[in-house]
Protein chains: 2
Amino acid sequence: MKLNERGLLVIISGPSGVGKGTVRKALFEMEGHDLVYSISMTTRPQREGEVDGVDYFFVTVEEFEKRINEGKFLEYAKFVGHYYGTPKDKIDEQLAKGKEVVLEIEVQGANQVREKAKDGVFIFIAPPSRNALYRRLLRRGTDSKTSIKNRMDKANREFPLAHKYDYIVVNDEVRNAADRIMAIIRAEHAKTRRSIYKYKEMLEVE
Amino acid sequence: MKLNERGLLVIISGPSGVGKGTVRKALFEMEGHDLVYSISMTTRPQREGEVDGVDYFFVTVEEFEKRINEGKFLEYAKFVGHYYGTPKDKIDEQLAKGKEVVLEIEVQGANQVREKAKDGVFIFIAPPSRNALYRRLLRRGTDSKTSIKNRMDKANREFPLAHKYDYIVVNDEVRNAADRIMAIIRAEHAKTRRSIYKYKEMLEVE
């Protein structure tokens, strides 16, 4: 029995190349969960095959900027002329339905989210060593040498930010990391500050 | 990979009749854990078949009182003329070895432990309702009506103390409760404050 019926906002972050996406995928493949992705909002044109409200929420620049001014994003950024953001209201709807909303996000984006979502569960995915991260970036084979160097430099600046997170999970083995994140989600629901309201109601405690 | 190599002190508490012992037993029956019981220290005479250091640590009254004065108990109490206590040094030895030390204890004892073990993980086991607890006490059949009334009165005084704990776990189904406690233990190891030291060492972060 779960005393906290509201879903959790779970932020999975960490340096690029650490395997956030793989871990998130393994997490969603596990059984018996109520996880959903956070769907981003963007001003970039909808591509063929993309579905509004599934792949992205597609909006106009005016609409996006109006939402910025209304503080309706947990975080947003502009890439090559287009806005991308995480819409707070859409997430709140899911949380109210008891869904755990998973946000897989870069370290800088997570910093923005932290300001606005005090109640989120912030998980830093760490590589088992710097070398392991470097080898991962090499293995991808998609980046030039300069780009790999830049990513490593960025990672080295991001490593010390782990202390801002609630949890640190080492991605030594994808399955282990996903298991641990699932345990964190289960444990967080049992946290006293999340369950005390329902507990008091259940036992009629003043 | 576990970043925190030290074991956790896990305090399982809650009103009498809530099923602490059953939950703890189910927990120990689960696979792949490193749980150990905390062994109490007592001044009561050793009975036949009891092994010193297994069932209890048997000591003299002088020894016990010396330890009290030295602050070497997480908690202690006197029942029918004999001392019983939870020896801090013995627990520390186990924690240093990476064992999770489980303390199954009454709410009053847990209050004492809280003062001395800031780093412990405090879990309150709650019944799914007051009625469920009452039925459980009745079903035991070991207590007189007066005694059951006394226990319910005590439970009613203890329910509001749940807010002092880190987690509230409802014992609606023993297996569920044990699963959730195991998740709490896994999650606690990933807590940033417990893992940051090893993390920094691993990534050579300043």
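These figures come from a predicted structure and were not determined experimentally.

With that settled, consider the overall build of chain A. The helix and strand tally for chain A stands at eight helices and nine strands. Oriented by its inertia axes, the alpha-carbon framework of chain A measures out at about 65 × 45 × 30 Å. Looking at chain A as a whole, 38% of its 206 residues are labelled buried.

Residues and elements named next belong to chain B. Across the sheet, four strands lie side by side as β4-β3-β6-β5; this open sheet has mixed pairing. Here the strands that pair on one side only, and so sit at the sheet edges, are β4 (57-58) and β5 (73-79). In this structure, β5 lies alongside strand β6 (residues 82-87), joined through six bridges in antiparallel fashion. In the sheet register, A77 faces β6, and the bridge partner there is Y84. Strands in contact with helix α2 (residues 61-69) are β3 (41-42), β5 and β6; relative to β5, the strand with the most contacts, it is inclined by about 135 degrees.

Between chain A and chain B, the residue contacts involve 33 residues of the former and 33 residues of the latter. Taken together, the elements giving at least two residues each to the side of chain A that touches chain B come down to β9 (167-170), α7 (174-190) and α8 (192-203) of chain A. By residue number, the principal contributor to the side of chain A that touches chain B is α7(A), which donates seven residues. Looking at the side of chain A that touches chain B, its residues break down into 21 nonpolar, five polar and seven charged.

Here we take up the domain arrangement of chain A. All names here are of chain A. Taken domain by domain, chain A holds domain 1 (1-34 + 98-206) and domain 2 (38-97). A straight line from the C-alpha centre of domain 1 to that of domain 2 covers 21 Å. Listed as interface residues are 13 residues of domain 1 and, on the opposing side, eleven residues of domain 2. Elements supplying a minimum of two residues to the side of domain 1 that touches domain 2: β7 (100-105) and α4 (107-116). A per-class count over the side of domain 1 that touches domain 2 returns six nonpolar, four polar and three charged.

Two faces make up the sheet, and in a regular strand the side chains alternate between them. Residues and elements named next belong to chain B. Of the pairings in the sheet, the one linking β3 to β6 comprises two bridges and is antiparallel in character. Opposite M41, over in β6, you have G85 as the bridge partner. In this structure, the hairpin formed by β5 and β6 is closed by a connection of two residues, where V80 is found at a positive phi of approximately 30 degrees.

Residues and elements named next belong to chain A. Along α4, the positions that sit buried rather than exposed are V107, G109, A110 and V113. For α4, the angular spread of the buried residues around the axis is 145 degrees, confining them to a single face. Check the buried side of α4 and you find it contacts β1 (9-13), β5 (73-79), β7, β8 (121-126) and α6 (145-158).

Below, the discussion takes up unusual backbone geometry. With a phi close to 30 degrees, A:V80 is a non-glycine residue in the positive phi region. On the secondary structure map, A:V80 appears in the loop between β5 and β6 (82-87).

Let's shift gears to the packing of helix α1 (residues 20-29) of chain A against α7(A). Residues and elements named next belong to chain A. Relative orientation of the contacting elements α1 and α7 amounts to 65 degrees, with a least axis distance of 9 Å. Here the hand of the crossing between α1 and α7 comes out right-handed. Residue-level inspection shows T22, V23, A26 and L27 of α1 in contact with α7, the latter providing V174, R175, A177, A178, I181 and M182. Among the residues forming the contact of α1 with α7, the class breakdown is eight nonpolar, one polar and one charged.

A separate point is the nonpolar core. With 104 residues, the main nonpolar core has A:V10, A:I11, A:I123, B:V10, B:I11 and B:I123 as its most contacted residues. Here A:I123 is in contact with A:V10, A:I11, A:I12, A:Y165, A:D166, A:Y167, A:V169, A:I181 and A:I184, once residues within four sequence places are set aside.

The next point concerns the environment of B:T43. Residue and element names in this part refer to chain B. Mapped onto the secondary structure, T43 falls in the loop between β3 and β4. In this structure, the C-alpha to C-alpha distance between T43 and H189, residues 146 residues apart in sequence, is 35 Å. If sequence neighbours within four positions are ignored, T43 has contacts with V59, T60, V61, F64, H82 and Y83.

All names here are of chain B. With respect to topology, five strands assemble into an open sheet ordered β2-β7-β1-β8-β9, the strand pairing being parallel. Edge positions in the sheet fall to β2 (35-37) and β9 (167-170), since each has one partner strand and no second. Pairs of neighbouring strands in the sheet enclose a mean axial angle of 30 degrees, with direction left out of account. In the sheet, β2 pairs with strand β7 (residues 100-105) via three bridges, with the strands oriented parallel. Note on β7: the bridge partner recorded for Y37 is V102.

Looking now at the relation of the copies chain A and chain B. At an RMSD of 0.0 Å, chain A and chain B line up after a rotation of 180 degrees and a shift of 0.0 Å along the axis. Such a combination of rotation and displacement between the chain copies is what one expects of a two-fold axis. Considering only C-alpha atoms, the residue of chain A closest to the rotation axis is A:A183, which sits at 2.2 Å.

Our focus in this paragraph is the environment of A:A117. All names here are of chain A. With respect to the element layout, A117 can be found in the loop between α4 and β8. It is 35 Å that separates the C-alpha atoms of A117 and R139, two residues lying 22 residues apart in sequence. Contacts of A117, omitting those with residues within four sequence positions, involve L9 and L74.

All names here are of chain A. Here chain A averages 93 in pLDDT, and 100% of its residues register 70 or above. Taken element by element, chain A is modelled with least confidence in helix α5 (residues 130-140), mean pLDDT 89, and with most confidence in β8, mean pLDDT 98. If you check the scores for this complex, the pTM reads 0.91 and the ipTM reads 0.90.

Conventions and cut-offs
- Residues numbered from 1 in each chain as written.
- Chains lettered and ligands numbered in written order.
- Predicted model: local features only at pLDDT ≥ 70, side-chain atom pairs only at ≥ 80, totals over all residues.
- Helix = DSSP H or I, 4+ residues; strand = E, 2+ residues; numbered from the N terminus.
- Buried ≥ 20, exposed ≤ 12 C-beta atoms within 10 Å, placed from the backbone.
- Pairing = 2+ DSSP bridges.
- Contact = placed C-beta atoms within 7 Å.
- Axes fitted to C-alpha atoms, helices over the stretch in contact; angles between N-to-C directions.
- Nonpolar A, V, L, I, M, F, W, Y, C, P; charged D, E, K, R; others polar.
- Domains from an automatic or database assignment.
- Arc of directions from axis to C-beta.
- Left-handed = near helix turned anticlockwise from the far one by under 90°.
- Core = buried A, V, L, I, M, F, W, Y, C linked by C-beta atoms within 7 Å.
- Least-squares fit on C-alpha atoms with pLDDT ≥ 70 in both.
- pLDDT = per-residue confidence, 0-100.

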